[in-house]
Amino acid sequence: MWEEKSLEKLIINGGKPLEGRIRVSSAKNAVLPIIAATMLASTPSRLLELPQLEDVHTICNVIASLGVKVTADETNDEIQFDASHLTSIEAPYDLVRRMRASFLVMGPLLARLGEARISLPGGCAIGSRPIDLHLKAFEALGATIEMGDGYVYAKAPNGLIGNQIYLDFPSVGATENVVMAASMAKGKTVIENAAEEPEIVDLVTYLNSMGANIRGAGTNIIRIEGVDHLEGATHTVIPDRIEAGTYLIAAAMTGGDVYVENALSEHLKPVVAKLKETGVKVEEDVDGIRVISDGHLKAADIKTLPYPGFPTDMQAQFMALTTIAEGTSTIMETVFENRFMHVDELRKMGASIRIEERRAIVEGVKKLHGAEVRATDLRAGAALVCAGLAAEGITKVTQLSHIDRGYDNLVGKLKGLGADIVRVDE
Ligand code: UD1
């Protein structure tokens, strides 16, 4: 977690049902690896409809520091990436500490230049988040790894060589890093126990459109035939399932009626199933998902798991919902070991939550009340916004830099649904 210097706050006057239509932006977690993957091409790529997010700026700065020419149009939502001349192998601490996903440049650097020196990653403080699986996989592809001075130095002077790789855990980042590295390795790579997230499928769609030969994305076995070089391609990234899920929860908690345009039901099955269990009405069609809620919610249990299980990135928001759901809900976090930082903040708003190791037991209360709370990480921040929208009175949310990492135009979108929310600099 980096230092928060800003005094900006969100001020939410809660208790108003959200109503109307909202459109989700492109998925942050697909955009980041895809921007890293633009480094693999010797000709320019264009990415369309990019979301306005701090994490997108960060990854653009990281790859620009490696020599990629990044040219945005005036609206910033279409960017060209020209990686024809990479000029550096080093991603410095100053940039990588802001965002763990910066480590995704290691695969492309190894593939293109046979060398990478990257600061150990930072990002949200939601667990120890090691990178051992990434490094073990790069070693399997023939790279040598050295650690020192807070940096990882990886080298494969004669190029990477395809291999059979078994991931001990289906890590999203490790799967992406290896897919990118192996796409230009000599010979065949098979990744077993690969992550199956939709964002991996989108990355592979983009890589294949650049000329890569990758099959099996979206299953737990990915097969990659390495190719000599990749060409730039134009790509529009998939919708953000976590942003969509966050607005569905906010609608449910406020007793609202919201149609979330561009939300793909296919990607949101566990979230929709759990919302239905809480008693809200959910209608799904090809263009989006509608939630109709009378504000009376019932308790439900969740357990976070790798895709297609319930996403850890929706755990905090769902917990916020259960704080006002009738009965006792159990929230079990299995993906990250320290992802309950929102609990103390939700308690300040009147929530009744007890932690037992990786389990949070939530006793639903009738109403939350406004309070001053901190967005301790990205999704914790989203959960507090949902809670503030449903609470009685004024909620002030601080440490907004976390929320800015992953929510495009949060205030504007919520205002469009009738929320009483402003951003102020005190
Ligand atoms: C990605 C998402 C993040 C999401 C997470 C899990 C992006 C940019 N971020 O993060 O929003 O919460 O997936 O869905 O896509 N692990 C190891 N060793 C490793 C790598 C991971 O032990 O080398 C552990 C982590 O500590 C964690 C678990 O595996 O406990 C899952 O991490 P991983 O799937 O790698 O998450 P990220 O790719 O960092």
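For the structure, see preceding data.
Nothing here was measured: the structure is a model prediction, and the numbers come from that model. (Residues numbered from 1 in each chain as written. Predicted model: local features only at pLDDT ≥ 70, side-chain atom pairs only at ≥ 80, totals over all residues. Heavy atoms only, no water.)

S.K.: So what exactly am I meant to see when it comes to the overall build of the protein chain here?
M.R.: Broken down by element type, the protein chain carries 14 helices and 26 strands. The principal-axis extent of the C-alpha atoms belonging to the protein chain is close to 65 × 45 × 40 Å. The 426 residues of the protein chain split such that 57% are buried. In the protein chain, 74% of the contacts between residues at least 6 apart in sequence involve partners at least 24 apart. (Helix = DSSP H or I, 4+ residues; strand = E, 2+ residues; numbered from the N terminus. Buried < 20%, exposed > 50% of the residue type's maximum accessible area, 1.4 Å probe, protein only. Contact = heavy atoms within 4.5 Å.)

S.K.: Is there a simple way to explain helix H6 (residues 172-182) in this structure?
M.R.: Along an α-helix, residues three or four apart share an orientation, since each turn contains 3.6 residues. Most of H6 is tucked away: 10 of the 11 residues are buried. Listing the buried residues of H6 in full gives Gly173, Ala174, Thr175, Glu176, Asn177, Val178, Val179, Met180, Ala181 and Ala182. The backbone nitrogen of Gly173 lies 3.5 Å from a side-chain oxygen of the residue at the head of H6, namely Ser171. (Polar contact = N/O pair within 3.5 Å; in protein donor to acceptor, adjacent residues only side chain to side chain.)

S.K.: Please explain the site of the ligand as it appears in this structure.
M.R.: The environment of the ligand is formed by 18 residues, the closest being Asp132, Leu133, Ser171, Asp313 and Val335. In this structure, Val172 approaches the ligand through a main-chain N or O atom, which is 2.8 Å from an oxygen atom. In this structure, Asp313 approaches the ligand through a side-chain N or O atom, which is 2.6 Å from an oxygen atom. Here the ligand has 740 Å² of accessible area as a free molecule, and 86% of this is covered by the chains. Mapped by element, the contributors of at least two residues to the shell around the ligand are helix H5 (132-140) and H6. (Near = heavy atom within 4 Å. Areas by Shrake-Rupley, 256 points an atom, 1.4 Å probe, with all protein chains shown as cover.)

S.K.: What is the right way to read the sheet that holds strand E1 (residues 8-13) from this model?
M.R.: Within a sheet, adjacent strands bond to each other through the backbone by hydrogen bonds, running parallel or antiparallel. Taken in spatial order, the 4 strands of this open sheet run E24-E25-E1-E26, and their pairing is mixed. With partners counted over all chains shown, the strands left at the sheet margins are strand E24 (372-374) and strand E26 (421-425), one partner each. Between one strand and the next, the sheet's axes are offset by a mean angle of 25°, whatever the strand orientation. Across 5 bridges, the pairing between E1 and E26 is antiparallel. Bridge assignment links Lys9 to a residue of E26, and that residue is Val424. Along the sheet, helix H12 (residues 378-390) makes contact with E1, E24 and strand E25 (394-398), crossing E1 at roughly 35°. (Pairing = 2+ DSSP bridges. Axes fitted to C-alpha atoms, helices over the stretch in contact; angles between N-to-C directions.)

S.K.: Would you mind showing me how to read the nonpolar core here?
M.R.: Core analysis: the biggest nonpolar cluster contains 79 residues, and Ile35, Leu40, Val105, Met106, Ile118 and Leu207 have the highest contact counts within it. In terms of residue count, the dominant contributor to this core is helix H1 (residues 28-37) (7 residues). Once you skip the residues sitting within four places of it in the chain, Met106 turns out to touch Ala116, Ile118, Leu135, Phe138, Val152, Ala154 and Asn177. Core analysis: the next-biggest nonpolar cluster, separate from the first, contains 70 residues, Met253, Leu268, Val362 and Val397 among them. (Core = buried A, V, L, I, M, F, W, Y, C linked by side-chain atoms within 4.5 Å.)

S.K.: Please clarify how the packing of helix H8 (residues 241-253) against H12 should be interpreted in this entry.
M.R.: Angle between the axes and distance between the axes: these two values describe a pair of packed helices. At a minimum axis distance of 8 Å, the contact between H8 and H12 shows a crossing angle of 25°. By the angle class used here, H8 and H12 are roughly parallel. Taken as a pair, H8 and H12 cross one another with a handedness that is right-handed. Across the interface between the two elements, Ile242, Thr246, Ile249, Ala250 and Met253 of H8 pack against Arg379, Ala382, Cys386, Ala387, Leu389 and Ala390 of H12. Partitioning the contact of H8 with H12 into residue classes produces 9 nonpolar, 1 polar and 1 charged. (Parallel < 35°, antiparallel > 145°, perpendicular 65-115°, else oblique. Left-handed = near helix turned anticlockwise from the far one by under 90°. Nonpolar A, V, L, I, M, F, W, Y, C, P; charged D, E, K, R; others polar.)

S.K.: Would you take a moment to explain the environment of Val272 for this structure?
M.R.: With respect to the helices and strands, Val272 occurs in helix H9 (residues 269-277). Residue classification places Val272 among the buried residues on the basis of a relative accessible area of 4%. As for Val272 and Ser329, which are separated by 57 residues in sequence, their C-alpha atoms are 17 Å apart. Non-local contacts of Val272, meaning those with residues more than four positions away in its chain, are made with Val282, Glu284 and Ile289.

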